[in-house]
Amino acid sequence: MIEVHRLGPQIGVEIRGVDVRTLDDAGFAVIYRAWLDHNVAVVPGQDLTIPEYLRYSRRFGQIVPHPSKSTRHPEYPEITLLGANKFGADGQLDMAIYRRGAEGWHTDGAYDQEPFKATQLYAIAVPSRGGDTLFASMYAAYDALPARLKERLDGRIGAFTYGGRRNATALLNAEDRNWTPVHHRIVRTHPETGRKGLFFDPGKILRIEGVEPKESDDLIEELTGYMIQPEGRYTHQWRKGDIVIWDNRCSYHRAAGDYPPEEERVHWRVSIKEAGQAGGPLEAAGVAEKTAGRGC
Ligand SMILES: O=C(O)CCC(=O)C(=O)O
Ligand SMILES: [Fe+2]
């Protein structure tokens, strides 16, 4: 019996009573609908091999390898390993791995012309304390904007790149660090729910087009202040065996980045695009893998 439980006032939902290995289409439709309605969906208690996890993940769309080649699983490039190999040969903690996703609130893949539809994580090892993932709704952020800002942003386009204004590209191989900016509307209508959200990522945006640089910087700062609305938040405390999927078209997230570094915190991560949209002209030209910022 599938049970659907809300987790936060506006986002977050948990689906219980499911084994994703044997889930039929009707069961999957319940999960997919709950995910669209609540931005972040948790499916606890799973015990999966990598092929089983990939098979389930593909039901949401097309899985694409992440541009950070050094953190890909050696046998399954579509799997990004989070938290693995965080100590170098010299015993030093690699902060880019340990604090991946913790530098600030962001949405994954805004550096791509077609940003990731979803990101999904499966918890392999969970620390005894800390290590949460924090989520917030882009719909709530948009709704909170004053009318003056909504009008100013109407039709405005932002330029985004992997490392943003700080050029933070530590997880990329040296040859993959040259990014061509891509453009997205700052107010985006979700293609499946039809709702408007504030599509924004302070770590990946370079500028807002069509305004003076100073005005663009001021606007970026002002928008950053609206991203996280208290009612639009959900914080996930991980249990081993949890699968969590979030919708990058309508949510922001960040890792807490605060667990005891000597403990294990490992996830298998997949980046999911709309089916049929993983390629495009850039990939055909062999340069699409250069598009990604800040490890997300
Ligand atoms: O490890 C986490 O909690 C989230 C990391 C992250 O930002 C991501 O996987 O996109
Ligand atoms: Fe992320």
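### Examining the side chain of Thr-71
Okay, so step 1: Residue placement: Thr-71 occurs in the loop between β4 (62-64) and β5 (80-82).
Okay, so step 2: Not counting residues within four places of it along the chain, the set of residues in contact with Thr-71 comprises Ile-79, Thr-80, Leu-81, Arg-100 and Leu-171.

### So, empty space enclosed by the protein
Okay, so step 1: Taken as a whole, the largest cavity encloses approximately 230 Å³ of empty space.
Okay, so step 2: Lining the largest cavity are 19 residues, with Leu-82, Arg-100, Gly-101, Ala-255 and Arg-265 sitting closest to its centre.
Okay, so step 3: Only α3 (95-98), β15 (251-255) and β16 (266-273) provide two or more residues apiece to the lining of the largest cavity.
Okay, so step 4: Per-element accounting of the lining of the largest cavity gives the leading share, three residues, to β15.

### Here we look at the site of ligand 1
Okay, so step 1: Taken together, 13 residues sit near ligand 1, with His-106, Asp-108, Thr-133, Arg-265 and Arg-269 positioned nearest.
Okay, so step 2: Take Arg-265: an N or O atom from its side chain is 2.8 Å from an oxygen atom of ligand 1.
Okay, so step 3: Arg-269 is positioned such that a nitrogen or oxygen atom in its side chain is 2.5 Å from an oxygen atom of ligand 1.
Okay, so step 4: Starting from 290 Å² of accessible surface for ligand 1 in isolation, the protein chains cover 99%.
Okay, so step 5: Given that more than half its atoms are within 2 Å of the pocket grid, ligand 1 belongs to the largest cavity.
Okay, so step 6: Class assignment for the residues of the shell around ligand 1 results in five nonpolar, four polar and four charged.

### Some details on the pairing of strand β8 (residues 157-160)
Okay, so step 1: When β8 meets strand β9 (residues 182-185), the two strands line up antiparallel, connected through four bridges. Following the sheet pairing, Gly-158 is matched in β9 by His-184.
Okay, so step 2: With three bridges connecting them, β8 and strand β12 (residues 205-208) associate as antiparallel partners. Along β12, the bridge assignment pairs Ala-159 with Arg-207.

### Concerning the packing of aromatic side chains
Okay, so step 1: One pass over the structure, following the stated rule, counts 18 aromatic pairs.
Okay, so step 2: Centre to centre, the rings of Phe-28 and Tyr-32 are 5.9 Å apart; their planes meet at 50 degrees, and the pair counts as tilted. Here the residue Phe-28 and the residue Tyr-32 both occupy positions in helix α1 (residues 25-38), the gap between them amounting to four residues, near one helical turn.
Okay, so step 3: Joined through ring pairs, the aromatic side chains of Phe-28, Tyr-32, Trp-35, Tyr-56 and Phe-60 make up one cluster.
Okay, so step 4: The cationic tip of Arg-188 hangs over the ring face of Phe-199; the distance from NZ or CZ to the ring centre is 4.8 Å.

### Some details on the nonpolar core
Okay, so step 1: Core analysis: the largest hydrophobic core is formed by 30 residues, its most contacted members being Tyr-56 and Phe-60.
Okay, so step 2: If you list the elements that add at least two residues to this core, you get β2 (13-16), α1, β3 (40-43), α2 (50-57), β6 (118-125), β14 (243-247) and β16.
Okay, so step 3: The leading source of residues in this core is α1, at six residues.
Okay, so step 4: In this structure, Tyr-56 is in contact with Val-20, Leu-23, Phe-28, Ile-31, Val-43, Gln-120 and Ile-243, ignoring residues within four places of it in sequence.
Okay, so step 5: In this structure, Trp-105, Ala-110, Ile-186 and Phe-199 belong to the second largest nonpolar core, which totals 26 residues.

### Comments concerning the coordination of the iron ion (ligand 2)
Okay, so step 1: Binding of the iron ion (ligand 2) to the protein goes through His-106 (NE2), Asp-108 (OD), His-253 (NE2) and Cys-296 (SG), at separations of 2.1 to 2.6 Å.
Okay, so step 2: Seen from the iron ion (ligand 2), its six donor atoms lie at angles of 76 to 172 degrees, and the figure they make is octahedral. Pair check on accessibility: His-106 and Asp-108 agree, each one buried.

### Some points on the confidence of the model for the protein
Okay, so step 1: Per-residue confidence for the protein gives a mean pLDDT of 92, with 94% of residues at or over 70.
Okay, so step 2: In the predicted structure, residues 278-293 sits below a pLDDT of 50 and forms 33 contacts with residues beyond four places in sequence or in another chain.

### Looking at the side chain of Arg-100
Okay, so step 1: Among the structural elements, Arg-100 can be located in the loop between α3 and β6.
Okay, so step 2: Among residues more than four places away in sequence, those in contact with Arg-100 are His-66, Ser-68, Thr-71, Thr-80, Leu-81, Leu-82, Met-95, Leu-171, Ala-255 and Gly-295.

### Focus: α2
Count 3.6 residues to each turn of an α-helix, and residues three or four apart come out pointing the same way.
Okay, so step 1: The set of residues buried in α2 consists of Ile-50, Tyr-53, Leu-54, Tyr-56 and Ser-57. Around the axis of α2, the buried residues are gathered within 165 degrees of arc, so they sit on the same side.
Okay, so step 2: For α2, the secondary structure elements touched by its buried residues are α1, β3, β4, β6, β14 and β16.

Calculation rules
- Residues numbered from 1 in each chain as written.
- Chains lettered and ligands numbered in written order.
- Predicted model: local features only at pLDDT ≥ 70, side-chain atom pairs only at ≥ 80, totals over all residues.
- Heavy atoms only, no water.
- Helix = DSSP H or I, 4+ residues; strand = E, 2+ residues; numbered from the N terminus.
- Contact = heavy atoms within 4.5 Å.
- 1 Å grid on protein atoms, 1.4 Å probe; cavity = no way out; pocket = protein on both sides within 12 Å on 5 of 7 lines; lining within 4 Å.
- Points joined across faces, edges and corners; volume = space filled by probe spheres on them.
- Near = heavy atom within 4 Å.
- Polar contact = N/O pair within 3.5 Å; in protein donor to acceptor, adjacent residues only side chain to side chain.
- Areas by Shrake-Rupley, 256 points an atom, 1.4 Å probe, with all protein chains shown as cover.
- Sits in = over half its atoms within 2 Å of the grid points.
- Nonpolar A, V, L, I, M, F, W, Y, C, P; charged D, E, K, R; others polar.
- Pairing = 2+ DSSP bridges.
- Phe/Tyr/Trp six-rings, centres within 6.5 Å; stacked < 30°, edge-to-face > 60°.
- Lys NZ or Arg CZ within 6 Å of the ring centre and 35° of its normal.
- Core = buried A, V, L, I, M, F, W, Y, C linked by side-chain atoms within 4.5 Å.
- Buried < 20%, exposed > 50% of the residue type's maximum accessible area, 1.4 Å probe, protein only.
- Donors = N, O, S within 2.8 Å, 3.2 Å for Na, K, Ca; no water.
- Tetrahedral: all angles 85-135°; square planar, octahedral: opposite > 155°, others 65-115°.
- pLDDT = per-residue confidence, 0-100.
- Arc of directions from axis to C-beta.

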